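Residue-level listing of the chains:
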Amino acid sequence: MRKLIVAGNWKMNNTFEDAENLITEIASALDEKKFKCDVVICPPALYLELATDVADISGLFVGAQNVSDKDSGAYTGEIAATMLESLEVDYCIIGHSERRKYFGEKDEVLAEKANKLLDYGIRPIYCCGEVLEERENKTHFDVVRQQLKNGLFHLTDAGFGNVIIAYEPVWAIGTGVTASPAQAQEMHNFIRNLVAENYNREVAENTTILYGGSCNSGNAKELFSNKDVDGGLIGGASLKADEFIKIADSF
Ligand code: PGA
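**Considerations on the environment of Gln146**
Mapped onto the fold, Gln146 is located in helix 7 (residues 140–151). Through-space distance from the C-alpha of Gln146 to that of Asn162 is 20 Å; in sequence the pair is 16 residues apart.

Given below as C-alpha cells:
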C-alpha cells in the first residue's frame, strides 16, 4: 500500500531549545488527532535522539538529513547508517539539491548512501529535480530520469520498495515559487511510469512520491489532491508547528 507522508526538512535551523519546543508541539498535535499521513521530522543530526525519544511515545517518525556512504572509521564529521539505526531513526533524506550543490554530491555517491541506509533498515527519501535552466530547456524529464537511474535503479525490487522519492524542482525550493499542481502531477506521473518500466506496475503503484518546493498550508491541499502526489517534503514551513500540522492535515 502506498503511504502518504508529510516530512519536515528543518535544514540547518533551530537551537536545542527551539528543537525541543517544536518537537513537543508537533507530538502533542499528533496526540490530539489522527492524520491520514505519516508525519516525519528531519531535524539536524544533533537533535535526532531528542526526536526519537519523543517518537517512541507518539505517532511521530524521525528522519536524518544526510548519511555517510562509508561504514565507519576515519571520516571526521560524518555520520554512519549504523549510528542512525542505533537511534532508531526511520528515514533519511539523501540527494537534496543543497547537498548536490554545496557539497558536490553526485548520483554515484547517493547510490552508495541508499545501499547503506537499506542495509540498516532506514528508508531513504531520495530527492531529485531540475534547476530552472533545465526546465526552460525542456530537459527536466531527462535530468530526473538520470538522477533516478544512477541513484536508485540498481536496487532490487525489495530494496526499492523501501525508498521514498521526493520530486523537488530546485527553482521552487525556498523561493516562494511553487510548481503548479499540474506541473507536479506531470512529473510525478512521469516518475511513477519510470519506476514501472524499471521494476513493475505494482512496485510503481506502491511507491510514495513526495513533492517539495515552497509547499505551505495554502497550497498543500491542491498539490496533494493530485493522483500521483503522495505528500510533501517541507522546508521553511516545517519550522512552525501550526503551519506544519496544517500541511499534514491537507489530505
Ligand atoms: P522549502 O524547502 O519548502 O523551504 O522550499 C523544501 C526542501 O528543500 O526540502
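Still to come is the rest of the account.
**Here we look at a negative patch on the surface**
Taken together, the side chains of Glu49, Asp53, Asp56, Glu85 and Glu88 present a region of like negative charge at the surface. Among the elements that make up the negative patch, the one with the highest residue count is helix 2 (residues 48–56) (three residues). By the secondary structure assignment, Glu49 is in helix 2.

**Focus on the site of the ligand**
Neighbouring the ligand are 13 residues, the closest being Lys11, His96, Glu168, Gly174 and Ser214. Separating an oxygen atom of the ligand from a backbone N or O atom of Ser214 is a distance of 2.7 Å. Relative to its free-state accessible area of 280 Å², the ligand is covered by the protein chains to the extent of 95%. A class-by-class count of the residues in the shell around the ligand yields four nonpolar, seven polar and two charged.

**Examining unusual backbone geometry**
Here the phi dihedral of Asn14 falls at roughly 90°; this positive angle occurs in a residue that is not glycine. Within the element layout of this structure, Asn14 appears in the loop between strand 1 (5–9) and helix 1 (16–32). On the basis of relative accessible area, Asn14 is assigned to the partly exposed category, the value being 26%. Even without being a glycine, Lys138 presents a positive backbone phi close to 65°. Assignment of secondary structure puts Lys138 in the loop between helix 6 (132–136) and helix 7.

**Regarding the packing of helix 1 against helix 12 (residues 241–248)**
Direction vectors running N to C along helix 1 and helix 12 enclose 35°, while the axes themselves pass 9 Å from each other. Judged by the twist between their axes, the crossing of helix 1 over helix 12 is right-handed. Mapping the contact onto sequence places Leu22, Glu25, Ile26 and Ala29 in helix 1 and Ala241, Phe244 and Ile245 in helix 12.

**A closer look at the nonpolar core**
If you look at the biggest cluster of nonpolar residues, it comprises 68 residues, and the most contacted ones within it are Leu148, Leu152, Ile165 and Ile191. Sorting elements by how many residues they give to this core places helix 9 (residues 181–198) first, with seven residues. In terms of nonpolar packing, the next biggest core, distinct from the first, is built from 12 residues, Ile5, Val40, Cys42 and Leu233 among them.

**Here we look at the pattern of salt bridges**
Counted by the stated rule, this structure contains 17 salt bridges. In this structure, Glu205 engages Arg2 in a salt bridge whose closest nitrogen and oxygen atoms are separated by 2.8 Å. Of this pair, Glu205 sits in helix 10 (residues 201–206) while Arg2 sits in the segment before strand 1, and the two are 203 residues apart along the sequence. For Arg145, the salt bridge identified is with Asp142, shortest N-O distance 3.0 Å.

**Digging into helix 5 (residues 107–119)**
Here helix 5 contains 13 residues, and its C-alpha end-to-end distance of 18 Å stays within 8% of the 18 Å for a straight helix at 1.5 Å per residue. By the burial criterion, the buried members of helix 5 are Asp107, Leu110, Ala111, Lys113, Ala114, Lys116 and Leu117. Elements in contact with the buried residues of helix 5: helix 3 (81–86), strand 4 (91–94), helix 4 (97–102), strand 5 (123–128) and helix 7. Backbone geometry just downstream of helix 5 places Gly121 in the positive-phi region, at approximately 70°.

What counts and what doesn't
Residues numbered from 1 in each chain as written. Predicted model: local features only at pLDDT ≥ 70, side-chain atom pairs only at ≥ 80, totals over all residues. Heavy atoms only, no water. Helix = DSSP H or I, 4+ residues; strand = E, 2+ residues; numbered from the N terminus. Patch = residues over 30% accessible without salt bridge, like charges linked within 9 Å, V, L, I, M, F, W, Y side chains within 5 Å. Areas by Shrake-Rupley, 256 points an atom, 1.4 Å probe, with all protein chains shown as cover. Salt bridge = Lys/Arg side-chain N within 4 Å of Asp/Glu carboxyl O. Lys, Arg positive; Asp, Glu negative; His and termini not counted. Charge placed at Lys NZ, Arg CZ, Asp CG, Glu CD. Near = heavy atom within 4 Å. Polar contact = N/O pair within 3.5 Å; in protein donor to acceptor, adjacent residues only side chain to side chain. Nonpolar A, V, L, I, M, F, W, Y, C, P; charged D, E, K, R; others polar. Buried < 20%, exposed > 50% of the residue type's maximum accessible area, 1.4 Å probe, protein only. Axes fitted to C-alpha atoms, helices over the stretch in contact; angles between N-to-C directions. Left-handed = near helix turned anticlockwise from the far one by under 90°. Contact = heavy atoms within 4.5 Å. Core = buried A, V, L, I, M, F, W, Y, C linked by side-chain atoms within 4.5 Å. Expected span 1.5 Å × (residues − 1).

Purely geometric numbers; function is a separate question.
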